[in-house]
Structure formats: structure tokens, C-alpha cells
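# Structural overview for review
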Amino acid sequence: MTATFLLIRHAAHVHLDRLLSGRLPGVPLSDAGRRQAERLAARLAGDRIDTVVCSPLDRTRATAEAIASACGVAVETMDALIEIDMGDWTGRAIGDFGDDPAWNAWNAARATARIPGGESMGEAQARIVGALGELATREDGKRVAVVSHSDMIRAGVAHVLGLSLDHLLRFDVAPASVTRVVWGEWGARLLTLNETEC
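Below: a short report on this structure. (Residues numbered from 1 in each chain as written. Predicted model: local features only at pLDDT ≥ 70, side-chain atom pairs only at ≥ 80, totals over all residues. Heavy atoms only, no water.)

### A look at unusual backbone geometry
Glycine aside, residues mostly have negative phi angles, and peptide bonds mostly take the trans form. Backbone geometry at D17 places phi at a positive 65 degrees, although glycine is not the residue there. Its location among the elements puts D17 in the loop between β1 (2-9) and α1 (31-44). Phi angles above zero are rare outside glycine, and R48 is one such case at about 50 degrees. Within the secondary structure, R48 sits in the loop between α1 and β2 (51-54). (Helix = DSSP H or I, 4+ residues; strand = E, 2+ residues; numbered from the N terminus.)

Below, the structure written as C-alpha cells:
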């Protein structure tokens, strides 16, 4: 059993770098994000993608649909790929946190911190690792585009590398970026990280 995953962060959305969208419904791609998704889809059209799977949120679905259309495949949603549950922080402006102790703990100690009323990073990591393991079994020998969210992809990469969740912010996962991973019953290997247009 071996599958190749293209872990893709959704393209830029209307709240990017301003609000913690979390699982808010109705958060579309921005105009720039729609252009990013189209360019990404054109880049991946020659990549022989067999399956496109995504988080159920609007921004991931729109990105996935652009890729699927370019590659001639359908889109499947998978609840386990959804964004981290931001709990009480959902919809909050990033600039409003100031010296909030819970926010500081979240950014300094992801391995042990929990979002108030929301999810821990460990729970989010368990979701994406479980989803990728399930997909690797189901899509043996295939190339799968997995469209999800920045911290979810970071959590998957941390698992592959054996990296502490406390160190998630040591690498970037940019909007519309591609991170390639080979996943099998023998383990997993990171091939590329945060491929972007530039």
C-alpha cells in the first residue's frame, strides 16, 4: 500500500490574515484566491491526479473544484479534513488578541494548548493522520490531491517528520501551496514542502 498525496492549502479567502474563519460557513475565495486556484489547477493539470478530496468548507471546495475540473476527476468531501475547531475564537479579528494568555499559549505550546471551547492541535492531527491513512489504503498506487487548511497540513507534515506540535510555526504552508508526501504501510516520507508559484 502506497499513495502519493498532494497536500494543498486552499487558495486565499476573504478573511485571510484578518479574521480566524475557523469553520464559519460562507467564507468564499477572494478575487485573488480565485485567480490563485485557477493558476494552481493549470499547473497540476499535467500531474496525473487520480482523486481530489477536500474539507467541506467553501474555500477548500472551490479550490478543489478548480483542480478537479482541470484534471478531469470528481471532488469528494471528507469531514476529517475540516479546519481546526476555533471554538470561542471563531470569527475573531487576529489583531484583537493582544496579550491574551490563551492566544499566547496556543502559539507557543501547540502540543498542549487548547483553543477555548475548541479543539487541541493533537485532536486535529489525529483527524488528518487518520484520514490520510484511510485514503492511502483506499487509493493504493494513486496520486491524490487533498485540499485542506494550513494548520491541518502542518499537523500532517509534523507527523511524517516526527516533529513536535510545538514547532508547527517553523515552516510555512502558503495559500494554494502544494506539499507532497508518499504514504504507505511502511510509514511516510516528505517529498516537497510548500511549493508555490514563485
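On we go from here.
### Quick word on helix α5 (residues 150-161)
Under the 1.5 Å per step criterion, the end-to-end length of α5 is 16 Å for 12 residues, consistent within 8% with the ideal 16 Å. Within the span of α5, buried status applies to S150, D151, M152, I153, R154, A155, G156, V157, A158 and V160. If you follow the buried residues of α5, they end up packed against β1, α4 (121-138), β4 (143-148), β5 (178-184) and β6 (187-195). After α5 finishes, the residue G162 shows a positive phi value of roughly 70 degrees. (Expected span 1.5 Å × (residues − 1). Buried < 20%, exposed > 50% of the residue type's maximum accessible area, 1.4 Å probe, protein only. Contact = heavy atoms within 4.5 Å.)

### Details of the pattern of salt bridges
By the definition in use, this model includes 18 salt bridges. Among the salt bridges present, the one from D47 reaches R180, with a minimum N-O distance of 3.0 Å. With a gap of 133 residues between them, D47 in the loop between α1 and β2 and R180 in strand β5 connect regions that are remote in the sequence. Considered together, D47 and R180 belong to a single accessibility category, that of buried residues. (Salt bridge = Lys/Arg side-chain N within 4 Å of Asp/Glu carboxyl O.)

### Structural notes on the sheet that holds β5
Two orientations exist for strands paired in a sheet by backbone hydrogen bonds: parallel and antiparallel. Strand order in the open sheet formed by six strands is β3-β2-β4-β1-β5-β6, with mixed pairing between adjacent strands. Edge positions in the sheet fall to β3 (75-77) and β6, since each has one partner strand and no second. Averaged over all pairs of adjacent strands, the angle between strand axes in this sheet comes to 25 degrees, irrespective of strand direction. Summarising the sheet, β2 and β4 pair through four bridges and their orientation is parallel. For V53, the partnering residue across the bridge sits in β4 and is V146. Across the sheet, helix α2 (residues 58-71) lies against β1, β2, β3 and β4, angled at about 175 degrees from β2, the strand it touches most. Seen against the sheet, α4 touches β1, β2, β3, β4 and β5 and runs at an angle of roughly 135 degrees to β1. (Pairing = 2+ DSSP bridges. Axes fitted to C-alpha atoms, helices over the stretch in contact; angles between N-to-C directions.)

### A word on the pairing of β1
Burial of β1 is extensive: seven of the eight residues sit out of reach of the surface. Where β1 meets β5, seven bridges bridge the pair, whose relative direction is antiparallel. Considered in β5, the bridge of L6 is made with R180. When β1 meets β4, the two strands line up parallel, connected through six bridges. Paired with I8 across the two strands is V147, which belongs to β4.

### Some points on the side chain of T179
Examined against the element boundaries, T179 turns out to sit in strand β5. With relative accessibility at 0%, the residue T179 sits in the buried group. A distance of 3.0 Å separates a polar side-chain atom of T179 from the backbone nitrogen of N194. Filtering out sequence-adjacent residues up to four positions away, T179 remains in contact with F5, L6, L7, I153, V157, L190, T192, L193 and N194. (Polar contact = N/O pair within 3.5 Å; in protein donor to acceptor, adjacent residues only side chain to side chain.)

### Some remarks on the state of the cysteines
Counted according to the given criterion, the structure contains zero disulfides. Of the cysteine sulfurs around C54, a residue in no disulfide, the closest is that of C71, at 14 Å. Judged by its relative accessible area of 0%, C54 falls in the buried class. (Disulfide = S-S within 2.5 Å.)

### Looking at the pairing of β5
Counted residue by residue, β5 has seven buried out of seven residues, so it is predominantly covered. Alternating positions in β5 separate into two faces, V178, R180, V182 and G184 on one and T179, V181 and W183 on the other, with burial throughout. Of the pairings in the sheet, the one linking β5 to β6 comprises six bridges and is antiparallel in character. Bridged to W183 within β6 is A188. Connecting the antiparallel pair β5 and β6 is a turn made up of two residues.

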